[in-house]
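Fold and geometry: a report
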2 protein chains.
Amino acid sequence: MKKKLLFVFILLFPFFLKAEDGSRLWLRAGQDASATVVANKQSPLIATAMEELQHQWRGGKVHLTLRSEKALRNLLGKDGFRITGHTAKEVHIQASGETGLLYGAYHLLRLQETRQLPDELNITESPAYDLRLLNHWDNLNGTIERGYAGHSLWKWEELPHTLSPRYKQYARANASIGINGAVLNNVNASPDILRTEYLGKVKAIAEVFRPYGMKVYLSVNFASPKVIGGLPDADPSNPEVQTWWKHKVKEIYALIPDFGGFLVKANSEGQPGPQDYGRSHAEGANMLAGALKPFGGVVMWRAFVYAPDSDDRAKQAYAEFIPFDGRFRENVIIQIKNGPVDFQPREPFNPLFGALQSTPSMIEFQVTQEYLGQSNHLVYLAPLFKETLDSDTYIKGEGSTVAKITGGALYPQMLSAIAGVANIGEDTNWCGHHFAQANWYAFGRLAWDYRLSSEEIAEEWLKMTFTTDARFIVPVRDMMIESREAVVNYMMPLGLHHLFAEGHHYGPAPWYDAPGRPDWRSVYYHQATPEAIGFDRTTNGSDAVSQYNSPLKERYNDIETCPEVFLLWFHRVPWDYRMKSGKTFWDELCYAYDAGVTQVRNFQKLWDRMEPYVDTSRFKEVQSKLKIQARDAVWWKDACLLYFQSFSQRPIPYEIERPVYELEDLKKIKLDMKHHN
Amino acid sequence: MKKKLLFVFILLFPFFLKAEDGSRLWLRAGQDASATVVANKQSPLIATAMEELQHQWRGGKVHLTLRSEKALRNLLGKDGFRITGHTAKEVHIQASGETGLLYGAYHLLRLQETRQLPDELNITESPAYDLRLLNHWDNLNGTIERGYAGHSLWKWEELPHTLSPRYKQYARANASIGINGAVLNNVNASPDILRTEYLGKVKAIAEVFRPYGMKVYLSVNFASPKVIGGLPDADPSNPEVQTWWKHKVKEIYALIPDFGGFLVKANSEGQPGPQDYGRSHAEGANMLAGALKPFGGVVMWRAFVYAPDSDDRAKQAYAEFIPFDGRFRENVIIQIKNGPVDFQPREPFNPLFGALQSTPSMIEFQVTQEYLGQSNHLVYLAPLFKETLDSDTYIKGEGSTVAKITGGALYPQMLSAIAGVANIGEDTNWCGHHFAQANWYAFGRLAWDYRLSSEEIAEEWLKMTFTTDARFIVPVRDMMIESREAVVNYMMPLGLHHLFAEGHHYGPAPWYDAPGRPDWRSVYYHQATPEAIGFDRTTNGSDAVSQYNSPLKERYNDIETCPEVFLLWFHRVPWDYRMKSGKTFWDELCYAYDAGVTQVRNFQKLWDRMEPYVDTSRFKEVQSKLKIQARDAVWWKDACLLYFQSFSQRPIPYEIERPVYELEDLKKIKLDMKHHN
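The shown structure was predicted, so the numbers you read here are calculated from the model rather than taken from an experiment.

**What to know about the overall build of chain A**
- Within chain A, the regular secondary structure consists of 22 helices and 15 strands.
- Computed over C-alpha atoms, the radius of gyration of chain A comes to 25 Å, within 12% of the 26 Å expected from 2.2 N^0.38 for 677 residues, which places it in the range of a compact globule.
- Counting only C-alpha atoms and orienting by the principal axes, one finds that chain A spans roughly 75 × 70 × 50 Å.
- Per-residue burial over chain A gives 63% buried out of 677 residues.
- Surface accessibility of chain A: about 24,600 Å² in total, with carbon and sulfur atoms responsible for 52%.

**Comments concerning the confidence of the model for chain A**
Residues and elements named next belong to chain A.
- Averaged over chain A, the pLDDT score is 95; the fraction of residues at 70 or greater is 96%.
- Note on residues 1–18: pLDDT is under 50 here. Beyond four places in sequence and across chains, it has two contacts.
- Two numbers describe this predicted complex: its pTM, 0.94, and its ipTM, 0.92.

**Observations regarding the domain arrangement of chain A**
Residues and elements named next belong to chain A.
- We note that the domain assignment places domain 1 (31–125), domain 2 (131–465) and domain 3 (488–535 + 572–667) within chain A.
- A separation of 31 Å is found between the C-alpha centroids of domain 2 and domain 3.
- Contact with domain 2, which involves 27 residues of that partner, is made by 27 residues of domain 3.
- Where domain 2 touches domain 3, the interface holds 18 residue pairs in polar contact (both at pLDDT 80 or more).
- Partitioning the side of domain 2 that touches domain 3 into residue classes produces 10 nonpolar, 10 polar and seven charged.

**Some details on the relation of the copies chain B and chain A**
- In screw terms, the move from chain B to chain A is a rotation of 180° and a rise of 0.0 Å along the axis, fitting with an RMSD of 0.0 Å. Taken together, the rotation angle and the small translation identify this as a two-fold axis. Closest to the rotation axis within chain B is the C-alpha of Arg631 of chain B, separated from it by 5.4 Å.
- Of the interface residues in chain B, 100% have counterparts in chain A that sit at the interface too, so the contact is made through matching surfaces.

**Focus: the sheet that holds strand β7 (residues 181–183) of chain B**
Residue and element names in this part refer to chain B.
- Pairing is parallel around the closed barrel formed by eight strands, whose spatial order is β6-β7-β8-β9-β10-β11-β12-β13. Averaged over all adjacent pairs, the angle separating strand axes in this sheet is 25°, with direction ignored.
- Sheet topology note: the strand β6 (residues 131–135)/β7 ladder contains three bridges and is parallel. Of the residues in β7, the one forming a bridge with Asn135 is Val183.
- Set on the sheet, helix α9 (residues 281–292) makes contact with β9 (261–264), β10 (298–302) and β11 (332–337); between it and β10 the angle comes to about 160°.
- Contacting β6, β12 (361–366) and β13 (417–421), helix α14 (residues 437–448) runs over the sheet at an angle of about 155° to β6.

**Considerations on the packing of aromatic side chains**
- Considering all chains together, one arrives at 90 aromatic pairs over all chains under this definition.
- Ring centres of Phe321 of chain A and Phe328 of chain A lie 6.4 Å apart, and the angle between their planes is 15°; on these two criteria the pair is classed as stacked. For the pair Phe321 of chain A and Phe328 of chain A, a shared accessibility class is recorded, and that class is buried.
- In textbook terms, an aromatic cluster arises when at least three aromatic residues are bridged by ring pairs, as seen for Trp26, Trp154, Tyr167, Tyr170, Phe209, Trp430, Trp440 and Tyr441 of chain A.
- Here Lys201 of chain A stacks its cationic end above the ring of Tyr198 of chain A, 5.6 Å away from the centre of that ring.
- Over the ring of Phe535 of chain B we find Arg537 of chain B, and its NZ or CZ is 3.8 Å from the ring centre.

**As for the sheet that holds strand β3 (residues 81–86) of chain B**
All names here are of chain B.
- The strand order across the open sheet formed by five strands is β1-β2-β4-β3-β5, and the pairing between neighbours is mixed. Edge positions in the sheet fall to β1 (37–39) and β5 (120–125), since each of these pairs with one other strand and no more. Across this sheet, the average inter-strand angle for adjacent strands is 15°, counted without regard to direction.
- Looking at chain direction, β3 and strand β4 (residues 90–95) are connected through four bridges and run antiparallel. Among the inter-strand pairings, Ile83 is bridged to a residue of β4, identified as Ile93.

**Some words on the pattern of salt bridges**
- Evaluation of the coordinates by the stated rule reveals 88 salt bridges over all chains.
- A salt bridge links Lys386 of chain A to Asp390 of chain A; the nearest nitrogen and oxygen atoms lie 3.9 Å apart.
- According to the relative accessible area criterion, Lys386 of chain A is buried, its value standing at 13%.
- Arg146 of chain B serves as the salt-bridge partner of Glu370 of chain B, at 3.0 Å between the closest nitrogen and oxygen. One end of the pair, Glu370 of chain B, is in the loop between β12 and α12 (382–389); the other, Arg146 of chain B, is in the loop between β6 and α5 (165–176), with 224 residues separating them in the sequence.
- Taking the relative accessible area as the measure of exposure, Glu370 of chain B reaches 3% and is therefore buried.

**Considering helix α16 (residues 470–491) of chain B**
- Look at α16 of chain B: 31 Å from first C-alpha to last across 22 residues, which is about the 32 Å you get at 1.5 Å a residue.
- Along its length, α16 of chain B reaches its greatest deviation from straightness, about 35°, at Ser483 of chain B.

**Side note on the side chain of Ser43 of chain A**
Residue and element names in this part refer to chain A.
- Along the chain, the position of Ser43 falls in the loop between β1 (37–39) and α2 (44–56).
- At a separation of 3.0 Å, a polar atom in the side chain of Ser43 contacts the main-chain amide nitrogen of Ile46.
- Here the side chain of Ser43 touches Glu98 through a polar contact of 2.7 Å, side chain to side chain.

**Re the pairing of β13 of chain B**
All names here are of chain B.
- Most of β13 is tucked away, with five of its five residues classed as buried.
- Along β13, one buried face is formed by Ala417, Ala419 and Val421 and the opposite face, lined by Ile418 and Gly420, is buried too.
- Of the pairings in the sheet, the one linking β6 to β13 comprises five bridges and is parallel in character. Across the sheet, Leu131 pairs through a bridge with Ala417, a residue of β13.
- Bridging between β12 and β13 involves four bridges; their strand directions are parallel. Considered in β13, the bridge of Glu364 is made with Ala419.

**Describing the packing of helix α15 (residues 454–465) of chain A against helix α16 (residues 470–491) of chain A**
Residues and elements named next belong to chain A.
- Closest axis-to-axis distance for the α15/α16 pair is 9 Å, and the angle between their directions is 130°. Classed by the angle they form, the pair α15 and α16 counts as oblique. Judged by the sense of rotation from one axis to the other, the crossing of α15 with α16 is right-handed. Taken together, the residues of α16 that come into contact with α15 (itself represented by Ser454, Glu455, Ala458, Glu459, Trp461, Leu462 and Lys463) are Phe472, Ile473, Val476, Arg477, Met480 and Ile481.

**Some thoughts on the packing of helix α4 (residues 98–113) of chain A against helix α5 (residues 165–176) of chain A**
All names here are of chain A.
- Where α4 contacts α5, the axes come no closer than 9 Å and their chain directions differ by 80°. In terms of orientation, α4 lies roughly perpendicular with respect to α5. On α5, the residues touching Leu102, Tyr103, Tyr106 and Arg110 of α4 are Arg172, Ala175 and Ser176.
- Taken together, the residues of the contact of α4 with α5 break down into four nonpolar, one polar and two charged.

**Some thoughts on unusual backbone geometry**
- The step from Leu159 of chain A to Pro160 of chain A runs through a cis peptide bond, and the omega angle for that step is 0°.
- A cis amide bond links Ser550 of chain B with the next residue in sequence, Pro551 of chain B, at an omega value of 0°.
- Mapped onto the elements of the fold, Pro551 of chain B is located in the loop between β14 (532–533) and α18 (552–557).
- Residue Asn267 of chain A is not a glycine yet carries a positive backbone phi of 45°.
- Mapped onto the elements, Asn267 of chain A comes out in the loop between β9 (261–264) and α9 (281–292).
- Look at Gln527 of chain B: it is not a glycine, yet its phi comes out positive at around 50°.
- In this structure, Gln527 of chain B sits in the loop between α17 (522–526) and β14.

**A closer look at the interface of chain B and chain A**
- Opposite the 19 residues of chain B that make contact, chain A presents 19 residues.
- When the two sides are added together, the surface that chain B and chain A hide from each other amounts to roughly 2,100 Å², 49% of it contributed by carbon and sulfur.
- Taken together, the links from chain B to chain A amount to six salt bridges.
- A salt bridge links Lys627 of chain A to Glu662 of chain B; its shortest N-O distance comes to 3.6 Å.
- On inspection of chain B and its partner chain A, the count reaches 15 residue pairs in polar contact (both at pLDDT 80 or more).
- Of all the elements in the fold, those that place two or more residues in the side of chain B that touches chain A are α20 (585–609) and α21 (616–648) of chain B.
- Across the side of chain B that touches chain A, the residue classes break down as seven nonpolar, two polar and 10 charged.

**Quick word on the side chain of His86 of chain A**
- Inspection of the secondary structure puts His86 of chain A in strand β3 (residues 81–86).
- Owing to a relative accessible area of 18%, His86 of chain A belongs among the buried residues under this scheme.

Each value, and the rule that gives it
Residues numbered from 1 in each chain as written. Chains lettered and ligands numbered in written order. Predicted model: local features only at pLDDT ≥ 70, side-chain atom pairs only at ≥ 80, totals over all residues. Heavy atoms only, no water. Helix = DSSP H or I, 4+ residues; strand = E, 2+ residues; numbered from the N terminus. Rg over C-alpha atoms; globule rule 2.2 N^0.38 Å. Buried < 20%, exposed > 50% of the residue type's maximum accessible area, 1.4 Å probe, protein only. Areas by Shrake-Rupley, 256 points an atom, 1.4 Å probe, with all protein chains shown as cover. pLDDT = per-residue confidence, 0-100. Contact = heavy atoms within 4.5 Å. Domains from an automatic or database assignment. Polar contact = N/O pair within 3.5 Å; in protein donor to acceptor, adjacent residues only side chain to side chain. Nonpolar A, V, L, I, M, F, W, Y, C, P; charged D, E, K, R; others polar. Least-squares fit on C-alpha atoms with pLDDT ≥ 70 in both. Pairing = 2+ DSSP bridges. Axes fitted to C-alpha atoms, helices over the stretch in contact; angles between N-to-C directions. Phe/Tyr/Trp six-rings, centres within 6.5 Å; stacked < 30°, edge-to-face > 60°. Lys NZ or Arg CZ within 6 Å of the ring centre and 35° of its normal. Salt bridge = Lys/Arg side-chain N within 4 Å of Asp/Glu carboxyl O. Expected span 1.5 Å × (residues − 1). Bend = angle between axes of the 7 residues up to and from the residue. Parallel < 35°, antiparallel > 145°, perpendicular 65-115°, else oblique. Left-handed = near helix turned anticlockwise from the far one by under 90°. Buried area = accessible area lost by both parts, 1.4 Å probe.

Quick look at the structure:
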């Protein structure tokens, strides 16, 4: 008896030891089930689905059925599935593609783990986007640009011979939420990634991913033919360059038959591109697309371009890409950041969405919290993602949302796609902050179904990640939902944007006005003077409003109808301007910052009450991060209010908790945060 | 015309320039009056009184009359005065001593500046204490022990040839509130002060002080005969030693005929003393008293003695001095700190008060805020001073207050005296914090009349220092009154004491348990365990309670009747002990710390509303200090609650704002604060 107990203990001990360090993400279901699972086909991918069900499913026998009927394929697509039957007796998962069976299996298990399983099953699901991708801004030296969870997962030095067990765990986590591809390397791409040596390493990763339905993609440096190919230039009209790319693509597909394609950041922030040779974005993208086309690969060409000498950075992507609308090959898709500037806590949607009518467009979100407190602040991003996806462009009348446009429901496009810049690193808990896992999760779930509410996704994630106890779920879900407004409040409320300290983008520096590119300076964005504050993007100003369709253009153009959350984005607002609340603008701004501080303090109170429902280590780690967030919120509030007060020359309303820092001291803070990993 | 204006401007400019930097203290009355003042005697001291009135008095003619009637002398003493007449017509100030005329003049001017002048004058005042002294802990190298307002005022290197204008300003400020003496040097005294070279410098200072009624005193090192006299020892029974002191005293009085006497810290914290030779405090003090007696000098012998090997530091002064009661010469006075440990934010009164029945005793307060946030925290000390002065010892039945005992009203004693450890340095505003001036002021006013309320003194000081506008006076006075409870709350509520970081005594270190003297460690004082917290000084513990008279002894001894403000001073209290509020002790402790933080934040709100009534520079300087105080209050709260929580193992009540720091981080803070000046 004693011996047997000891044996069980030894078996379980490593499991318990690492149990609550966050390493298991939302995949914490017991692995001790022994379900009966049968399938009408065997393959590595179907074997994944069967294995997951066998170890975790606690209901009746599961039949996985791959079906070839055209009607079903039309309905479900490659990745969709249908689940029917009776939970306790017989469950049928049917699909047209193997990946459909895999996603069906994960869906069934999710319903089980979140206590949402009905007795009778009648579920049909298919994803909103064809390509649901993570973009890793991982460098080949192991660092990650804007990564806050340790160094890169990809151990290039060890590859291809040594495979970290985390590659498989990563693929499994992505598959469980429907993510079906990853761009492995930074958009500021090293040409080395295309060297044969590295392609062998990429192949090894692709082979780990394949049984989970995950494809690999690569960011490519446009100058690669020159840098590693030894050609005199990288001009897309140079036949040698074209040939080099064709050979390189062929080499890739010989190694990785299901390779996804290229992501390209060209002529942006110093990266090489076709404009170096007087060629257009279209010419550059089309050349690459031509090389990839025979193999089914895609080119994701980023629209994140802006030059320091133009008038309004927010207008430039639109101005640069609209003239080429319709001139891209069909396997080119323009990858557009959600907002027109750069992943700010709040931006209006990027006006390129909808305006590109004859060119496929996809949306790029930032899951990593570059501008939202990085891995220190609890900020649940589903409300941010949904705010853009649900934005109505009015391009084809009311209801022309960004989601419908990018999902291909409004214009026909060969492919629909969505990308999220990953927040994943080698930290034990993957994302640095336990709650940052929720943003990876939410990105995947919304890429599958953007109609899901932020609340539903939060509940799913909380139930699988912590506990199904409603005394925990309800308040913590509400905190997550509120967290995005909190960060907007204590960082940049009422349309303020890009007040960050240079370089690290963590702390506040609304005073930032150093030499260098004007469009990298805070003062460029807020333009505070003793009279007013804000960036005039109306028809009297930069006219960025005219990149939006009616009635948005008129709504944004008029200070009285412009949503107050975007007020300083579009308008210069006098300090005494009367807000809808009846307060002056200055007072409203003060109250907003203060509200942000109070919100974070309330998160602390709420979290501390949750101690009985959470394991000690995760409880303490989140508690500790909330302390940092609470301190940072005060830092932001004081920095911004004291700085703007030097223009407004008005008292901070006396009911509000007073600043505790000196502006001059805050200006001296220099964080050494060049690399977080 | 233009020329004339320019002339006026030039005349006034230096005045305006330094007008509101705090340098003028509470002496900001316009100097442009031209009152008629006559006196029935001329002397340098009377000239001071006349000059002050001539330049500032805006009423009728003032007659200064020195009178020799014995009845008047009995009534008023040397320093008292009577003011009669009609403000607008004729004012008569009469006194038995020249200093009485001076104090009468300042009193009249104070009534004028605080808008309290009646038409008909009928005022009689005489001071509560004969000697009203500041103790400067100034070292001869210019540093100040526990000084937070810059280096020493006394420029020993320049003296006696160069006289800083601040010596006179200092003497005038003291005279204006009745302070009539200063011990110039640190109680941890350098023997060098008694060298002939230094005595010449002291003489120069004494001559500046004399027209303001201020005498000089010196702290002496008991080993002086050995160190600077070349004798083999400093044994008080050694005739050579006795002779050395007699000669030294004679030398002093030849230079400074009105020299006040010696202050001695002997056999305390490493200082030499009579016990080094097996002699008692009485033998040591009496030897010095014998040397001083022929010249009318006094010996102030400090009772601040404690040894690391005894059981309870709080008991030791009593235990050491009571056996010698009645064995001191009549010109010896025992100088006793207000509390039995060391100038904590709150202590019960020192049980030596009243217990020494046949030996004169005087009280020593600390005006400098060694343990109360130094020159960063706004803490008005009048309520602390009065709390001790008003404490009833019950030694001769109810009403036997510390004030009456030390004032000589209960036992006859040749002299009564009170001392305050000065908070004055060479900072432009004298005290580091503008509001710290109020503590110098309040000490002087209470030394004159301990029946004045803290509120009255605060109002006087505020009116003279800032403005007489009631919209300022009332709220700021209330803030001052509350400030002492605030510091107790956020530092050491409910009887906690000495939780300070080692050395600098600024920040919290309740965890301090390093090697060294146990009675210098925080854990010695709070004794927290998982069961309880507090120092058992009951009859079951160290029995310190028995040093107090009935009914205090019984009241303090019983946890149910012990005032809660002293609870942990006298008792070990279980964490779940039920307080009068109905809360557990742990919860009460948490709420107290939190209340302290809230109080300081409310001070900030209040002060910011005062901006219209205060000049910009002082407004901003106080505002800036309050920010530090607000940050420090959070630091204290987090440090103490998180540390004590590691024993109590109870949650901080969830309504309370949560900690924002990590205990481990706070433990790492090492302030480099050995010298503040």
